[in-house]
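These are the residues of each chain, in order.
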Amino acid sequence: MGRALGWTILLSLGMCMGCEPGDPCEGLESGHACTWAGIREEEGFNGDHHRQATRLNQVQDLLFLPDGTAWFSDFNNYLVRRIHPDGQVESMVGWTDPVFPGDGPLGGIPPGGAPGSEWQLNHPTNLLLGRDGNVLLVAWHNHKVLTIDPDDGFVRVVCGGGAGFAGDNGPATSALFKQLVDATFDDAGNLYIVDQQNQRIRRIDVAGEITTIAGNGTQGDAGDGGPATEAEFSWAVGSNPNPSGGIVFHEGRLYVSDTENNRIRVIDLATGVVEPFAGTGEAGDGPDGGPAISARLNAPRDLEIGPDGDLYFADTNNGRVRAVDLATGELRTVVGTGELGLNEEGLLATETMLRRPFGVAFDPEGNLYVMDSLNSRIVMVAR
């Protein structure tokens, strides 16, 4: 299947991180899918066990660290957890609160931070590796960016207080966000953040100053072909919306999931101009095999650049992961059938059903992982 998945078939059969007897991912054939973490048809919390004996609850994102651990945001368990190379899960930040999660340690957030086991998270979303080797957490309903020491799980606040909008053109430590959902670094180390309910993309530069670089604060779909700062985006609003939006940097451009508009847009950082990239704006499914800009998408979210240089994204409400060849603009499906559900293990990725996937990730070997959020599992597709 090679190019159908956008990868070269390089899988060494029998090599699988954390495999144990009966693991459906052990010896997985290239282009096929398995449940890599989570328990099929079970969601919730049952403590920390082997990754395939641990219940998850609407997992959002996955990040592989150089030390061989894999960190993930367990959204509805209010946890950030990691998976060791032997497959053991360890909860690193937060705890599951049966009443309702809070914001930081009880008694307030110490200026110097607090251990992860003392921290209350409220629906964590995106994870990325900081330039200092720490894990950067987009703490969605906490309205903060946090940094986690991967050695001991100690947490510090980078920026963000209570929900609001403030701080532009000043130090990021004084900024307020309203459900920031995703973030990405450029090559220089500037951090770009999707500030969901403020309908803006904001940048924290390497000097620590924050500015708005896209979005005028109005929910809408206008502005293509003009300055990104005057454009409108549409991410979910309200008292309890879904996480909405996605962003990734690649070769001088920001690719942005404009979720409620059923589109992906691209911002040229050199010119500041925003343009359409994928999706017509009408909710629908495909077609594959043609220009992405002429296809219909349905609530796209997380974006990643694959090892082949193509753009991969969670086409959430279509139950698919899709990819766009950045050289030709052609759209293809790499995971999912378009029917929301759950079927057997070990099928071809394009025959494997998903249920509203929110996130995508790659490991260092180029295997693809799908946060099959409403099935409360992580799916692996072998390279």
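Residues numbered from 1 in each chain as written. Predicted model: local features only at pLDDT ≥ 70, side-chain atom pairs only at ≥ 80, totals over all residues. Heavy atoms only, no water.

(A) Structural context of the packing of aromatic side chains. Summed over the entire model, instances satisfying the criterion amount to 7 aromatic pairs. Here the aromatic rings of Phe64 and Tyr369 are separated by 5.0 Å at their centres, their planes lie at 50°, and the arrangement is tilted. Note that Phe64 is positioned in strand β2 (residues 59–64) and Tyr369 in strand β25 (residues 368–372), a separation of 305 residues in sequence. Between Phe233 and Trp235, the aromatic rings sit 5.1 Å apart at their centres with planes inclined by 10°, giving stacked as the arrangement. Its relative accessible area of 0% is what places Phe233 among the buried residues. Three or more aromatic residues link up through ring pairs in this structure, and these residues are Trp36, Phe64 and Tyr369. Directly above the ring of Phe165 sits Arg200, whose terminal nitrogen or CZ lies 3.9 Å from the centroid. The side chain of Arg265 reaches across the aromatic face of Phe233, ending 4.7 Å from its centre. (Phe/Tyr/Trp six-rings, centres within 6.5 Å; stacked < 30°, edge-to-face > 60°. Helix = DSSP H or I, 4+ residues; strand = E, 2+ residues; numbered from the N terminus. Buried < 20%, exposed > 50% of the residue type's maximum accessible area, 1.4 Å probe, protein only. Lys NZ or Arg CZ within 6 Å of the ring centre and 35° of its normal.)

(B) The arrangement of the side chain of Thr35 in detail. Within the element layout of this structure, Thr35 appears in strand β1 (residues 33–37). By relative accessible area, which is 3% here, Thr35 ends up buried. A distance of 2.6 Å separates the side chain of Thr35 from the side chain of Glu345, its partner in a polar contact. Contact partners of Thr35, with chain neighbours within four places excluded, come to Pro24, Cys25, Arg40, Gln52, Glu345, Arg377 and Ile378. (Polar contact = N/O pair within 3.5 Å; in protein donor to acceptor, adjacent residues only side chain to side chain. Contact = heavy atoms within 4.5 Å.)

(C) Geometry of the pattern of salt bridges. Throughout the structure, instances matching the rule amount to 20 salt bridges. The partner of Asp315 in a salt bridge is Arg322, with the nearest N and O atoms 2.6 Å apart. The exposure class assigned to Asp315 is buried, which follows from its relative accessible area of 0%. Assessed through its relative accessible area of 1%, Arg322 is described here as buried. Note that Arg377 is salt-bridged to Asp372, the shortest N-O span being 2.8 Å. Relative accessible area serves as the criterion here: at 2%, Arg377 is assigned to the buried category. By sharing partners, the salt bridges in this structure join Asp285, Asp288, Asp315, Arg320 and Arg322 into a single network. (Salt bridge = Lys/Arg side-chain N within 4 Å of Asp/Glu carboxyl O.)

(D) Geometry of empty space enclosed by the protein. Tallying each qualifying case throughout the model produces 1 cavity of 30 Å³ or more. Of the volumes computed, that of the largest cavity is approximately 120 Å³. Along the wall of the largest cavity there are 13 residues; nearest its centre are Gln60, Val181, Gly245, Asp302 and Phe358. Taken together, the elements giving at least two residues each to the lining of the largest cavity come down to β2, β12 (180–185) and β20 (300–305). A breakdown of the residues in the lining of the largest cavity according to their chemical character gives 3 nonpolar, 6 polar and 4 charged. (1 Å grid on protein atoms, 1.4 Å probe; cavity = no way out; pocket = protein on both sides within 12 Å on 5 of 7 lines; lining within 4 Å. Points joined across faces, edges and corners; volume = space filled by probe spheres on them. Nonpolar A, V, L, I, M, F, W, Y, C, P; charged D, E, K, R; others polar.)

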